[in-house]
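Below, each chain spelled out in residue letters.
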Amino acid sequence: MSSSSQEVPSTPLHSVSVAGVVVRDDGRVLAIQRADNGTWEPPGGVLELGETVEDGVRREVFEETGIRVRVDRLTGVYKNMNRGVVALVFRCHPESGQAQLSDESIAVDWLTPDEVRAHMGEVYAVRIIDALQDEAPHVRAHDGRTLAMSGR
C-alpha cells in the first residue's frame with residue numbers, strides 16, 4: 001500500500017438524519033408519502049455537514065412540504081441497525097405555509113394519530129406516537145421495518 005492511499009476507517013460510519021413531527025393545534029400531524037418507495041413518513045432527511053440540527057429539521061420539513069416550522073424539542077433517537085442511519089426526531093409547530101408536494105413526495109397530508117397507525121409502518125408510526133407524548137426522548141433501534149428494542 002502506498003503512502004498516498006487513503007486509509008479506510010476501522011469503525012463503520014453512520015449517517016445522521018433529522019425528521020420533524022409537525023403537530024397542529026387540532027392534533028393532526030404532517031406526513032408525506034414518499035415518491036421513491038410509497039411509504040408514509042414524517043418529513044425529514046440527511047443532516048448536512050454545515051448546518052445545525054434544528055436548521056436541518058426546518059430545511060427538510062420546508063423542502064418536502066412547504067410548511068415553515070418552529071422546532072420545539074427532541075422526542076426520539078432511532079437507529080436503523082441494518083443501514084447505520086441514526087435519526088433524530090423533533091416535535092415541531094407549524095408557523096406558516098401551505099402543504100404542497102415536492103420532488104420527494106406524491107402526497108402531503110395532516111393525519112390523525114389513528115390515521116398514522118393505519119398508513120405508516122411501525123418504525124415511522126412510533127416516531128410520531130413518541131413525539132405526541134410529553135415524556136423524555138425515546139431511544140429505539142430497528143431493522144428498517146420492525147422495532148428491535150423498545151424503551152426510552
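Before any of the text, the structure's been laid out above.
Note that the structure is predicted; figures quoted are calculated from it, not measured.

Draft legend 1. Representation of the nonpolar core within the structure. Ranked by size, the top nonpolar core spans 17 residues in total, and within it Val21, Trp40, Leu111, Val116, Met120 and Ile128 carry the most contacts. Going through the elements one at a time, strand S1 (15-22), strand S2 (29-34), strand S6 (85-96), strand S7 (105-111) and helix H3 (122-131) are the ones with two or more residues in this core. When residues in this core are grouped by element, the largest group, four residues, is from H3. In contact with Val116, not counting residues within four places along its chain, are Leu111, Ala125 and Ile128. If you look at the next biggest cluster of nonpolar residues, it comprises 16 residues, including Val18, Val61, Val69 and Leu88.

Draft legend 2. Fine view of H3. Counting buried positions along H3 gives eight out of 10 residues, so the element sits mostly inside the fold. Within the sequence span of H3, burial applies to Val123, Ala125, Val126, Arg127, Ile128, Ile129, Asp130 and Ala131.

Draft legend 3. Fine view of the layout of surface pockets. Within this model, the largest pocket holds a volume of roughly 660 Å³. Lining the largest pocket are 32 residues, with Arg34, Glu41, Arg83, Tyr124 and Arg127 positioned closest to its centre.

Draft legend 4. Region of interest: the pattern of salt bridges. If you walk through the whole model with that rule in mind, you get 12 salt bridges. For Arg59, the salt bridge goes to Glu48, with nearest N and O atoms at 3.6 Å. On the criterion of sequence distance, the pair formed by Arg59 in helix H1 (residues 53-65) and Glu48 in the loop between strand S4 (44-46) and H1 is long-range, its members being 11 residues apart. The salt bridge partner of Glu60 is Arg59, with a shortest N-O separation of 3.0 Å. Beyond isolated ion pairs, a larger network of salt bridges with shared partners links Glu48, Glu51, Arg59, Glu60 and Glu63.

Thresholds, definitions, all that
- Position numbers for residues start from 1 in each chain and track the written sequence from start to end.
- Restriction of local features to residues with pLDDT of at least 70 applies here, the model being predicted, together with a cutoff of 80 or more for giving and counting side-chain atom pairs; totals for whole chains, interfaces and linings are based on all residues.
- No hydrogens and no water enter the side-chain calculation; it runs on all heavy atoms of the structure.
- The nonpolar core is taken to be a set of buried Ala, Val, Leu, Ile, Met, Phe, Trp, Tyr and Cys residues, with the residues joined through side-chain atoms within 4.5 Å.
- Three labels apply to residues, based on accessible area from a 1.4 Å probe with only protein chains included: buried if under 20% of the type maximum, exposed if over 50%, partly exposed otherwise in between.
- Here a helix means four or more residues in a row that DSSP labels H or I, a strand means two or more in a row labelled E, and each is numbered from the N terminus.
- Note on contacts: a residue pair is in contact if any heavy atoms of the two residues lie within 4.5 Å.
- Lining residues are those with an atom within 4 Å of a point, where the points come from a 1 Å grid over the protein atoms alone and group into cavities, where a 1.4 Å probe fits but cannot get out, or pockets, open sets with protein on both sides within 12 Å along at least five of seven lines.
- Grid points are joined across faces, edges and corners, and a volume is the space filled by probe spheres set on the points.
- One speaks of a salt bridge when a side-chain nitrogen belonging to Lys or Arg is within 4 Å of a carboxyl oxygen belonging to Asp or Glu.

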